[in-house]
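Tertiary structure, described
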Amino acid sequence: MPRSTRLSARAAALCAITLAGAPGALPSIHAQTWPDKPITIVVPYPAGGSNDSFARQLAKELGDRLQQPVIIDNRPGASGNTGTGQVAKAAADGYTLVAVSASFATNAAVQPRLPYDPGKSFTPVALFAKGPLIVAVNPEFPARTPAELIAAIRARPGLYNYASSGAGSVNQFATELLKAQLSGLDIRHIPYRGMAPAVTDLIGNQTQLLIASGPSLLPMVRAGKLRAVGITSLEPSPIAPELLPLASSAPGYAFELWWGLLAPAGTPADVVGKLNQAVNQTLAKPQIAGNFLKEGAIATPLSPAQFGALIANDVERWKKLARQQGIAAD
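Residues numbered from 1 in each chain as written. Predicted model: local features only at pLDDT ≥ 70, side-chain atom pairs only at ≥ 80, totals over all residues. Heavy atoms only, no water.

**Here we look at the packing of helix H3 (residues 50–66) against helix H11 (residues 286–294)**
Between two packed helices, what matters for the description is the angle formed by their axes and the separation of those axes. As a reminder, the rule being used: The axes used here are C-alpha line fits, helices contributing only the stretch in contact, and every angle between their N-to-C directions lies in the interval 0 to 180 degrees. Working definition: helices are DSSP H or I runs of at least four residues, strands are E runs of at least two. Numbering for both runs from the N terminus. To sort the angles, those under 35 degrees are grouped as roughly parallel, those over 145 as roughly antiparallel, those from 65 to 115 as roughly perpendicular, and the leftovers as oblique. Contacts were defined at the residue level, with two residues in contact if any of their heavy atoms lie within 4.5 Å. Here the term charged refers only to Asp, Glu, Lys and Arg, the term nonpolar to Ala, Val, Leu, Ile, Met, Phe, Trp, Tyr, Cys and Pro, and the term polar to all other amino acids, Gly among them.
As a packed pair, H3 and H11 sit with axes 11 Å apart at the nearest point and diverge in direction by 170°. As far as their axial angle goes, H11 and H3 are roughly antiparallel. Across from Phe54, Gln57, Leu58 and Glu61 in H3, the residues of H11 making contact are Ile288, Asn291 and Phe292. Across the contact of H3 with H11, the residue classes break down as four nonpolar, two polar and one charged.

Take a look at the structure:
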């Protein structure tokens, strides 16, 4: 590819996708024959989590559509950064991808020494899904709605604690976003090392509030061990249609998780396009969309450019909130 064409492609990608790593760095003949061997999707978390579940559900369908096996490779460590960093260094040929989630953006906001550049090391491929968080309290907490939650915290400033799965986690960002939008909302942060101990202590009333994913909280809510008082989507959500959005009492409040697929920077545009089309066709299948909904997510097809813009916007949004609220990683 002539140097001028390569530079033009890179500039277009920077404008339209917002993440660097312009497609088109490899000869077009490669894209015409791709794929001719198995594709690996690295999941940078242990098996069993949402990233792993969504990637595995998509893998077989993608394999059928692309006529090559799609292999899931779990490489956990460092809050997802180990496996993600390894993919950043992989060949930009479309055969090694990484399944990331909203924590990709929150990590970028609070961790200055990542083993990759979140804005330059990857090419966005496709979004899998989005999903709101559930707002849950200990059953002894005097609130059943977002309005009652806010009123109770304001009535006794500094008395209550909120839990998270760790400093700099999406749970902390979601709660600090609420505090930032409602001045005078005084509730202390108690970080845990993982979601399981955070939920355990919420049940035990060591903390009183936790904003987390539906799969993390709804089983305990249905068992009567926790009470759900709201949801973090701007509008009511099919994830839990009976719950009022926090935005009903905190106008404009919205926080959504997301899950998607990235490739190393420089992956050819034709390959990215084929992957994006295959993912979006898979998400259109009612069975896949229904399975995602059961796990607290709504199948949400986007173009690579739209997905890139979502990531870039989230990174900047969470960097600003981290500075404002003093959010920092361990």
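From this point on, the discussion continues.
**A closer look at the pairing of strand S3 (residues 96–101)**
We apply this condition: Think of it in three bands: residues with accessible area under 20% of the maximum for their type are buried, residues over 50% are exposed, and the middle band is partly exposed, with areas taken using a 1.4 Å probe on protein chains only. Paired strands are those between which DSSP finds at least two bridges.
Counting buried positions along S3 yields six of six residues, so the element is predominantly enclosed. Burial along S3 is two-sided: the residues Thr96, Val98 and Val100 and Leu97, Ala99 and Ser101 are all buried. Two elements, S3 and strand S9 (residues 256–264), share four bridges in a ladder whose sense is antiparallel. Across the sheet, residue Ala99 finds its bridge partner in S9, namely Leu261.

**A word on unusual backbone geometry**
With an omega of -5°, the peptide bond between Trp34 and Pro35 qualifies as cis. With respect to the helices and strands, Pro35 occurs in the loop between helix H2 (28–33) and strand S1 (39–43). Of note, the phi angle at Ser79 is positive, near 55°, even though the residue is not glycine. Its place among the elements puts Ser79 in the loop between strand S2 (70–74) and helix H4 (81–88). A positive phi angle, close to 70°, is found at Asn205, a residue other than glycine.

**Section: the nonpolar core**
What counts here: Buried Ala, Val, Leu, Ile, Met, Phe, Trp, Tyr and Cys residues that are joined via side-chain atoms within 4.5 Å together make up what is termed a nonpolar core.
Counting residues in each nonpolar core, the largest one holds 83 residues, and the members touching the most others are Ile41, Phe128, Leu149, Phe173, Phe255 and Trp258. The dominant element in this core, judged by the number of residues it contributes, is strand S4 (residues 122–137), at nine residues.

**Quick look at helix H12 (residues 304–325)**
This is how the line gets drawn: Given a helix with a known number of residues, its expected span is that number minus one, times 1.5 Å. What the arc measures is the spread of directions leading from the helix axis to the C-beta atoms.
For H12, spanning 22 residues, the distance from its first C-alpha to its last is 31 Å, which sits close to the expected 32 Å at 1.5 Å a residue. Listed in full, the buried residues belonging to H12 are Pro304, Phe307, Gly308, Leu310, Ile311, Asp314, Val315, Trp318, Leu321 and Ala322. Buried residues of H12, viewed axially, fall in a sector of 165°; they line one side. Along H12, the residues that are exposed and aim more than 90 degrees away from the buried face are Asn313, Lys320 and Arg323. Next to the buried residues of H12 lie helix H5 (103–110), S4, helix H7 (170–181), S9 and helix H10 (269–283). Gly326 sits one or two residues past H12 and shows a positive phi near 70°.

**Re the confidence of the model for the protein**
Put simply, the rule is: Confidence per residue, as judged by the predictor, is encoded in pLDDT with a range of 0 to 100.
Averaged over every residue, the pLDDT of the protein is 91; residues scoring 70 or more account for 91%. Predicted confidence for residues 1–18 stays below pLDDT 50, and this span has 24 contacts to residues more than four positions away or in other chains.

**Section: the side chain of Asn81**
Its place among the elements puts Asn81 in helix H4. Sequence-distant contacts of Asn81, that is, excluding residues within four places in its chain, are made with Asn107, Gln111, Leu114, Pro115 and Tyr116.

**Details of the pairing of S4**
Burial analysis of S4 places 15 of its 16 residues in the buried class, the great majority of the element. Looking at chain direction, S4 and S9 are connected through nine bridges and run antiparallel. Residue pairing across strands places Leu127 opposite Gly260, the latter belonging to S9. Across two bridges, S4 lies against strand S10 (residues 298–299) in antiparallel orientation. Each residue of the ladder has a partner; that of Lys130, found in S10, is Ile298. Sheet topology places S4 next to strand S7 (residues 209–213); five bridges connect them, and they run antiparallel. By the bridge assignment, Ala136 is partnered in S7 with Leu210. Across four bridges, the pairing between S4 and strand S8 (residues 227–231) is antiparallel.

**Considerations on the side chain of Thr282**
Within the fold, Thr282 resides in helix H10. Contacts of Thr282, omitting those with residues within four sequence positions, involve Leu58, Glu61, Leu62, Arg65 and Ile288.

**Observations concerning the pattern of salt bridges**
Cut-off, in case you're wondering: A carboxyl oxygen of Asp or Glu within 4 Å of a side-chain nitrogen of Lys or Arg is what we treat as a salt bridge.
Per the stated rule, a full pass over the model turns up five salt bridges. A salt bridge links Asp52 to Arg56, with the nearest nitrogen and oxygen atoms 2.8 Å apart. Highlighted residues: Asp52 and Arg56, both in helix H3, separated by four residues, approximately one helical turn. By relative accessible area, Arg56 is classed as partly exposed at 39%. Here Lys285 makes a salt bridge to Glu61, at a shortest N to O gap of 2.8 Å. Of the two residues, Lys285 is situated in the loop between H10 and H11 and Glu61 in helix H3; the sequence distance between them amounts to 224 residues.

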